[in-house]
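Inside the fold
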Amino acid sequence: MLADHQEYDVVVTAVTRAGIAFHADGHGGFIDWIRHPSWRSNTPRAAVGDRTHAVVLDATRTPPRFNALPSDIRTARSLHHTKPLTRLCPPPSHGRTVDRATAEESLGTALPADYKRLVEQYDGRLFVGIHWLLEPGCPDALYDLVAQTAEHEEILTKLWEASEDKPSELHENDVRLVPWGYVEGAGHFLYWLVRPDAEPEEWTVLLNEGRDPLWEAHPMSCSQFLLEVVAGTTTSFYFTGINDIVDPEDRTRFIPNSQILKR
């Protein structure tokens, strides 16, 4: 059965004025021309028999709609880990509207699609009893995405000027760090490594020990990192012993910032 965000290599069976019909793993599907790379680039239009990589856009339509734009495939791929995370820890019945445009304007960069999905579904939250998801517009600056970005740019600049060693990833030109998570008690911060030539869905997660100049790099999305922490499959040194400090019942219990911060 097809499901949204699944990826397939499809074989084109017909080309129409509206788009492309094809077979994908025994199922029929359709790509509107505006969802095909040839609409926006010099990519040749598809022909019968061509193989195309595409992602399910809407499995409920007849025929199911697919998307072959590389940017949208990357976005869908970044959302792969949000659904299993919500299965482990169901979000509240009512999400919230996030002013992400203002946050992105303040940061000077777009934000990853999976992060925006998590904030919309969960609000800012305390995961596994210790892991905060920073959010735009939080009334407490310690847990606000934009406020923490500005604060940590200043803190890290002073550390580099004091000759503290940078992680090797920061020796590239024009890279910057944007924090998205904070570990209560331990003081660890989780950052995205923002590269000017990389899409937000391709950013690496960097963990800084907070009180020491030690770093970990995890080439994955923030939702995958959170999922692995919650599921107990993480390879992060700082979370592999989480069962020793977190009550098992807290592993999948999520508390909204609004409840903790009484807003």
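Note that the coordinates shown come from a computational prediction; the quantities given were computed from them, not determined experimentally. (Residues numbered from 1 in each chain as written. Predicted model: local features only at pLDDT ≥ 70, side-chain atom pairs only at ≥ 80, totals over all residues. Heavy atoms only, no water.)

A cis amide bond links Thr62 with the next residue in sequence, Pro63, at an omega value of -5 degrees. Structurally, Pro63 can be placed in the loop between β4 (51-58) and β5 (65-67). Non-glycine residue Ser163 carries a positive phi angle of around 75 degrees. Tracing the sequence through the fold places Ser163 in the loop between α5 (145-161) and β8 (176-183). Classification of Ser163 as exposed rests on a relative accessible area of 60%. The residue Asp174 is not glycine, and still its phi comes out positive at about 65 degrees. The topology assignment puts Asp174 in the loop between α5 and β8. (Helix = DSSP H or I, 4+ residues; strand = E, 2+ residues; numbered from the N terminus. Buried < 20%, exposed > 50% of the residue type's maximum accessible area, 1.4 Å probe, protein only.)

By size, the foremost hydrophobic cluster in this structure holds 49 residues, and its most contacted members are Leu85, Trp180, Trp192 and Phe225. Those residues in contact with Trp192 that lie beyond four places of it in its chain are Leu111, Pro112, Tyr115, Leu145, Arg176, Leu177, Val178, Pro179, Trp180, Trp203, Thr204 and Cys222. Counting residues in each nonpolar core, the second largest holds 14 residues, with Val12, Trp33, Phe66 and Ala68 among its members. (Core = buried A, V, L, I, M, F, W, Y, C linked by side-chain atoms within 4.5 Å. Contact = heavy atoms within 4.5 Å.)

Following the criterion strictly, the structure yields nine salt bridges and no others. Salt-bridge contacts for Arg74 lead to Glu199; the nearest nitrogen and oxygen are separated by 3.7 Å. Taken together, the residues span a long stretch of sequence, with Arg74 in helix α1 (residues 70-78) and Glu199 in the loop between β9 (189-194) and β10 (204-208) at a distance of 125 residues. Overall, the relative accessible area of 23% leaves Arg74 in the partly exposed class. For Glu199, a relative accessible area of 35% translates into the label partly exposed. For Arg176, the salt bridge identified is with Glu153, shortest N-O distance 3.0 Å. Placement of the pair is Arg176 in strand β8 and Glu153 in helix α5, with a sequence separation of 23 residues. Its relative accessible area of 24% is what places Arg176 among the partly exposed residues. Bridged by salt links that share partners, the residues Arg74, Glu199 and Glu202 form one connected network. (Salt bridge = Lys/Arg side-chain N within 4 Å of Asp/Glu carboxyl O.)

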